[in-house]
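What follows is the residue order along each chain.
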Amino acid sequence: MHFCILAFLNIFFSTENIYAKTLTANDIEISTPFEINFDKNEIIDEGFTKAFNHLALTIVQTKNQEKLKEIPLGLIKGMIETFSIKEEKFINEIYYLTLNVSFNKKKLFNLLESKNIFPSLPIKKNVFFIPIILDENNNEIFIFSESDLFNKWNSEVKSYHLLEYILPTDDLEDFNLIKLNSDNLENYNFKEIIQKYNLDDYIITIIFKNGKNIRVLNKINFKNKIDIKNLSFENINFNNEKEIQIFIENLKSIFENYWKSKNEINTSVKLPLIVSIDNNDNSEISKFELILTNIDLIYDFNIYKFDNKNNIYRIIFNGPPDYFLKIMKDKNYEFNTQNQIWSVK
């Protein structure tokens, strides 16, 4: 009798097939003239396609985004888990619609894998950013608000970008520090300036302008690892607003791809793990399942079997077992791994 009651509770307080969380594209805006042949369903379908493209821009590096153009609407709709209309309104005979669309992560990743694309975790990041222009011909340096590059850097923010740039203030002390080290900026570590902003991640971009040739040195620090990225451009007029904006978009795209590469998911790795947890406390089971649901590297999980003592889960993990254990330890779960079935301690 006790076991039957326990089984009954497991059915209602858990699920036999549980999928990892969805990936969501929020605030997708569509508008169209309100005419005689107006069809709301067609507008929503347009929103689905726009939501998919938005998500692709967020989790896929630029080099692979071309592979995702012209995905059939039927395939896109088949990946949608839920959607909601956040807002709709009519203004001057124009219909405006705002959608939130959630895609089944498993189905989406299967599509990407079929096209040989590894997605990235959609992790937002605040990054401290200092752009500096050195005009080597005229022996001039442009920093902070005296540079149009600095002033326009955050003027156009894309909703699918993961990096949010924190620019320094016009601090006279910082200004003098950079001026003092202007002859050795490639080796200067900017530590005195960076530490004021309490941000672990930063990008220092130094633009060496020499006639038509533009060399860009980027010192990128993510996750306490510094990488140097050298780039070259030609014929950029830093007095031309349009050319500056294109230059900014190119740099941001490079930085976004770099960040995505640091959070790439190798979906071709599907490691099966069998873990058990005591099922006497349904609230603890719900908590455990919620944590599994919110781990992006978990491709899928379900209840493999259960008895009168334990729920046993089969987890498909996109990574090595040590990394799974590390993630779970960060969430206050440790496992006894001596047996084939890992048990929560």
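Heads up: the structure comes first, above all this text.
Throughout this description, residue numbers start from 1 for each chain and increase along the sequence as written. In keeping with the model being predicted, local features are shown solely for residues with a pLDDT of at least 70 and side-chain atom pairs are shown and tallied solely at 80 or more, while totals for entire chains, interfaces and linings include all residues. Remark: hydrogens and water are excluded; side-chain values derive from all non-hydrogen atoms of the structure.

All right, on to the overall build of the protein chain then. In DSSP terms, a helix is any run of H or I states spanning at least four residues, a strand is any run of E spanning at least two, and both are numbered starting from the N terminus. For the protein chain, the count of helices and strands is 11 helices and 15 strands. Along the first, second and third principal axes, the C-alpha set of the protein chain runs to 90 × 65 × 35 Å. Using a 1.4 Å probe on the protein chains alone, a residue whose accessible area is under 20% of its type maximum counts as buried, one over 50% counts as exposed, and one in between counts as partly exposed. The buried share of the protein chain, taken over its 345 residues, is 43%. Restricting to contacts in the protein chain with at least 6 residues of sequence separation, those with at least 24 account for 67%. In the form shown here, the protein chain has an accessible surface area of approximately 18,900 Å², with 48% of it arising from carbon and sulfur atoms. Charged side chains in the protein chain number 40 positive and 48 negative. The centres of these two groups are separated by 6 Å. Two residues qualify as a contact provided that any one of their heavy atoms is within 4.5 Å of a heavy atom in the partner residue. Using the Shrake-Rupley algorithm and a 1.4 Å probe, accessible areas are obtained, with residue cover drawn only from the displayed protein chains. Here the positive residues are Lys and Arg and the negative ones are Asp and Glu; neither His nor the chain ends is included. Where a charge lies is defined by one atom per residue type: Lys uses NZ, Arg uses CZ, Asp uses CG and Glu uses CD.

Looking at the element boundaries, N100 is found in strand β4 (residues 94-103). Under the rule applied, a polar contact is a pair of N or O atoms within 3.5 Å (in protein, one hydrogen donor and one hydrogen acceptor; residues adjacent in sequence only if both atoms are side-chain atoms). Polar side-chain contacts of N100 include one of 2.9 Å to the backbone nitrogen of D27. Those residues in contact with N100 that lie beyond four places of it in its chain are A25, N26, D27, T82, F83, S84 and K86.

Let us now look at the layout of surface pockets. Estimates place the volume of the largest pocket at around 380 Å³. In the cavity and pocket records, a cavity denotes points on a 1 Å grid over the protein atoms alone where a 1.4 Å probe fits but cannot get out, a pocket denotes an open set with protein on both sides within 12 Å along at least 5 of 7 lines, and lining residues are residues with an atom within 4 Å of a point. Taken together, 20 residues make up the lining of the largest pocket; nearest its centre are L121, I123, N263, L297 and Y323. Only α9 (241-262) and α11 (321-330) provide two or more residues apiece to the lining of the largest pocket. A total of 4 residues in the lining of the largest pocket trace back to one element, the largest contributor, which is α11. For the lining of the largest pocket, the class distribution of residues is 8 nonpolar, 4 polar and 8 charged. Grid points are joined across faces, edges and corners, and a volume is the space filled by probe spheres set on the points. Of the pockets and cavities examined, the second largest pocket occupies roughly 250 Å³. Lining the second largest pocket are 14 residues, and of these T62, Y160, H161, E249 and S253 sit closest to its centre. Of all the elements in the fold, those that place two or more residues in the lining of the second largest pocket are α3 (62-65) and α9. The biggest single contributor to the lining of the second largest pocket is α9, with 7 residues. Under this grouping Gly is polar, as are all residues other than the nonpolar Ala, Val, Leu, Ile, Met, Phe, Trp, Tyr, Cys and Pro and the charged Asp, Glu, Lys and Arg. Among the residues forming the lining of the second largest pocket, the class breakdown is 2 nonpolar, 6 polar and 6 charged.

Structurally, the position occupied by Q340 is in the loop between β14 (335-336) and β15 (342-344). Using a relative accessible area of 75% as the deciding quantity, one classes Q340 as exposed. Taking the C-alpha atoms as reference, Q340 lies 53 Å from S232; in sequence the two are 108 residues apart.

Glancing now at the pairing of strand β3 (residues 80-91). Pairing between two strands requires that DSSP report at least two bridges joining them. For β3 and β4, the ladder comprises 10 bridges, and the chain directions are antiparallel. Across the sheet, the residue bridging to E88 is L97, located in β4.

With that settled, the discussion passes to unusual backbone geometry. Located in the positive-phi region is N116, a residue other than glycine, with phi close to 60°. Examined against the element boundaries, N116 turns out to sit in the loop between α5 (105-114) and β5 (125-135). Within the chain, N235 stands out as a residue other than glycine whose phi angle is a positive 55°.

So yeah, pure geometry; function would need other evidence.
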